[in-house]
Amino acid sequence: MASPSAKHQTASLFGVLRPVTSNVSLAGWLAAGGMGSCGKHFPGQGFVEGDSHHVIPVDKRSLAELRADDLKPFAALAAAGMSAVMPAHVVYPAVDSLPAGFSRVWLQDILRGELGFDGVIFSDDLTMEGAAGVGNIGARADAAFAAGCDMVLVCNRPDLADELLASLVPPVQPELAARLARMQGQGTPDA
């Protein structure tokens, strides 16, 4: 693998090399102020060239490389009680052929199973090009729910939001109410 570009090194510096405790501290400060935190974009997208608004990016690193770099902040934040996660519309072919937001491997096996995350998983915007490979807006929502997303987002296309709402049959999600309750602000800022 070629060495990462300066852009990637910067992403690595801020995502991994800077002490993970600063990320956990930020989450703690947000919680103290009554706000939940959302980690994005799981499992990390600092090593891709493309913007998932316009293309379907691919990260060819191995799972071991991803564990050594990108997963560390998410693991620390999950352990600290992070409220929500938004997965990336990035394909990691060494792990799964689907983008992370449509992958049970990423969302159920790794995020929930290995990292122990029990907060809300919000899809990234399903109108982005990075989600297009899954099908129409209904298929995208179904795939995101099947992978483990609790909520799906349709942000920039009101026509597609209307189309999805007209046909959406939300899955039964017995744990969603408790996850949403944990997202609500629990603290108040110190005076």
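Residues numbered from 1 in each chain as written. Predicted model: local features only at pLDDT ≥ 70, side-chain atom pairs only at ≥ 80, totals over all residues. Heavy atoms only, no water.

## Things to note about the overall build of the chain
In terms of regular secondary structure, the chain is built from eight helices and four strands. Going from the N terminus to the C terminus, the chain shows its helices and strands as α-α-β-α-α-β-α-β-α-β-α-α. In the chain, buried positions account for 41% of the 191 residues. Carbon and sulfur atoms provide 59% of the accessible area of the chain, an area that totals close to 9,700 Å². (Helix = DSSP H or I, 4+ residues; strand = E, 2+ residues; numbered from the N terminus. Buried < 20%, exposed > 50% of the residue type's maximum accessible area, 1.4 Å probe, protein only. Areas by Shrake-Rupley, 256 points an atom, 1.4 Å probe, with all protein chains shown as cover.)

## Describing the sheet that holds strand β2 (residues 84-87)
Spatially, four strands are ordered β1-β2-β3-β4 in an open sheet, and the strand pairing comes out parallel. At either end of the open sheet lies a strand with only one pairing partner, and these are β1 (38-42) and β4 (151-153). In this sheet, neighbouring strand axes are inclined to one another by 25° on average, regardless of whether the strands run parallel or antiparallel. Here β2 pairs with strand β3 (residues 120-125) via two bridges, running parallel. (Pairing = 2+ DSSP bridges. Axes fitted to C-alpha atoms, helices over the stretch in contact; angles between N-to-C directions.)

## Examining the side chain of Ser123
Summarising the element assignment, Ser123 is placed in strand β3. Of the residues examined, Ser123 reaches a relative accessible area of 2% and is grouped as buried. Within polar-contact distance, the side chain of Ser123 engages the backbone nitrogen of Leu153 at 2.8 Å. Excluding anything up to four places from it in sequence, Ser123 contacts Met86, Pro87, Ala144, Cys149, Met151, Val152 and Leu153. (Polar contact = N/O pair within 3.5 Å; in protein donor to acceptor, adjacent residues only side chain to side chain. Contact = heavy atoms within 4.5 Å.)

## Considerations on the packing of helix α6 (residues 137-147) against helix α7 (residues 158-167)
The interhelical angle for the contact between α6 and α7, taken along N-to-C directions, is 65°, at an axis separation of 9 Å. In terms of their interaxial angle, α6 and α7 are classed as roughly perpendicular. The crossing of α6 and α7 is right-handed. Within the contact between the two elements, α6 uses Ile137, Gly138 and Ala141 and α7 uses Leu160, Glu163 and Leu164. (Parallel < 35°, antiparallel > 145°, perpendicular 65-115°, else oblique. Left-handed = near helix turned anticlockwise from the far one by under 90°.)

## Notes on α6
Here α6 lies mainly inside the structure; eight of its 11 residues are buried. In this structure, the buried residues of α6 make contact with α5 (104-114), β3, β4 and α7. Where α6 starts, the residue carrying a side-chain oxygen 3.0 Å from the main-chain nitrogen of Gly138 turns out to be Asn136.

## Examining the packing of aromatic side chains
One pass over the full model with this rule turns up three aromatic pairs. Relative to Trp106, the ring of Phe42 lies with its centre 5.8 Å away and its plane at 85°, an arrangement referred to as edge-to-face. With a gap of 64 residues between them, Phe42 in strand β1 and Trp106 in helix α5 connect regions that are remote in the sequence. Owing to a relative accessible area of 0%, Phe42 belongs among the buried residues under this scheme. Overall, the relative accessible area of 0% leaves Trp106 in the buried class. With centroids separated by 5.3 Å and ring planes inclined at 65°, the aromatic side chains of Tyr92 and Trp106 adopt a geometry described as edge-to-face. On the criterion of sequence distance, the pair formed by Tyr92 in the loop between β2 and α5 and Trp106 in helix α5 is long-range, its members being 14 residues apart. Of the two residues, Tyr92 and Trp106, both sit in the buried class. Feature note: the residues Phe42, Phe74, Tyr92 and Trp106 constitute an aromatic cluster, connected by ring pairs. (Phe/Tyr/Trp six-rings, centres within 6.5 Å; stacked < 30°, edge-to-face > 60°.)

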